Amino acid sequence: MTLRVQILKDKFHQSLGLPFKELLPESAIKQVISELKIKYKKRLFDPFITLWAFLSQVLDTDKTCHNAVSKIIAYLAESEVEIPSTDTSAYCQARARLPEKLLEKLFNNSAQSLEEKVTTEKLWFGRNVKGIDGSTVSMPDTVENQKEYPQPSSQEDGCGFPIAKIGVIFSLVTGAAVALCIDVLNTHDIKLARKMYSFLKPNDVLLEDRAFCAYADMFTIEKLGCDAVFRKHQSRTTTMRKGKIIGDCDKLVTWYKPKSCPKGLSKDEFDALPPSITVR
């Protein structure tokens, strides 16, 4: 963890109020609520207070709902209004009422707003570098979650939690996630990535690990006007010993189309691939 990230997290932890009130202003939330035509009642735990508290709760070392409500009380104390009860039930109900579409829209808008503020001098040789990776998240053990995101087959029923696989494309210059994909646990990282390539913009440079090293993906990314950088997967037969040397530790190599259609591609998608591509 970098020093600046740690400083930011420490600032949030030490805040008595709701630090996300400054990062995600009420005006931005109101705009999205209006666009989505979301209706809500005028109450203490409205979408604004609830969302600020929820985001702060996620980053806090003490992730209990009791601590989240305590921050709300501290925030309201500064406004000299009636202090609510420390009971957490109302907050938990309000958090459950937050529409998923609202969170998704705010997620996209926040990333886009940060991208628009990036100046040329902050880019890498004028290129916007983005990373991509996959991970997993667990969730409450409910019937609905188990049906949508089954737990690992190695665990007996009733002994584990539903687990989802997530894929994220994030900007190295802003640190914001610009794309997110969620699927079942046994989904390969490449399958998630293929659902997010559309979020790339021309001239982007995508950093990937060897799990994403696939012929079809290199072609797709190049077709979008982007470049990709990753380590060669140990199972790939393409050798880097041959090729045209163009500089120190710099070489052009021809990568030939696989003989059989790989998993995750339809026959039509496979047939549309060129016979070879040049990688550097």
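Report on the accompanying structure. Predicted model only: the values in this text are computed from it and were never measured.

Definitions and cut-offs
Residues numbered from 1 in each chain as written. Predicted model: local features only at pLDDT ≥ 70, side-chain atom pairs only at ≥ 80, totals over all residues. Heavy atoms only, no water. Helix = DSSP H or I, 4+ residues; strand = E, 2+ residues; numbered from the N terminus. Buried < 20%, exposed > 50% of the residue type's maximum accessible area, 1.4 Å probe, protein only. Lys, Arg positive; Asp, Glu negative; His and termini not counted. Salt bridge = Lys/Arg side-chain N within 4 Å of Asp/Glu carboxyl O. Contact = heavy atoms within 4.5 Å. Core = buried A, V, L, I, M, F, W, Y, C linked by side-chain atoms within 4.5 Å. Pairing = 2+ DSSP bridges. Axes fitted to C-alpha atoms, helices over the stretch in contact; angles between N-to-C directions.

For Glu115, the location among the structural elements is in helix 7 (residues 100–116). Among buried charged residues, Glu115 stands out as having no salt bridge; its nearest opposite-charge side chain is Lys130, 4.3 Å away. Non-local contacts of Glu115, meaning those with residues more than four positions away in its chain, are made with Asn128, Lys130, Ser171, Thr174 and Val178.

Core analysis: the biggest nonpolar cluster contains 30 residues, and Ile132, Ile169, Tyr197, Leu206 and Trp255 have the highest contact counts within it. Mapped onto this core, the elements with two or more residues apiece are strand 3 (177–184), helix 9 (189–194), helix 10 (215–223), strand 7 (250–256) and strand 8 (276–279). Here this core gets 4 residues from one element, more than from any other, and that element is helix 10. The residues touching Ile132, leaving out its near neighbours within four places in the chain, are Val168, Ile169, Phe170, Ala193, Met196, Tyr197, Leu206, Leu207, Glu208 and Phe212. The next biggest cluster of nonpolar side chains, apart from the first, holds 24 residues, and it includes Leu18, Ile29, Val32 and Leu106.

The sheet built from 3 strands is open, its strands ordered 6-7-8 with antiparallel pairing. Of all strands in the sheet, those with a lone pairing partner are strand 6 (244–247) and strand 8, marking the two edges. Sheet twist, expressed as the mean angle between neighbouring strand axes with direction ignored, is 25 degrees. Where strand 6 meets strand 7, 3 bridges bridge the pair, whose relative direction is antiparallel. Residue Lys244 lies in a different strand from strand 7, and its bridge partner there is Leu252. Seen against the sheet, helix 10 touches strand 7 and strand 8 and runs at an angle of roughly 75 degrees to strand 8.

We now examine the pattern of salt bridges. In total, this model carries 9 salt bridges according to the counting rule given. Notably, a salt bridge pairs Asp217 with Arg194, separated by 2.7 Å at the nearest N-O pair. Placement of the pair is Asp217 in helix 10 and Arg194 in helix 9, with a sequence separation of 23 residues.

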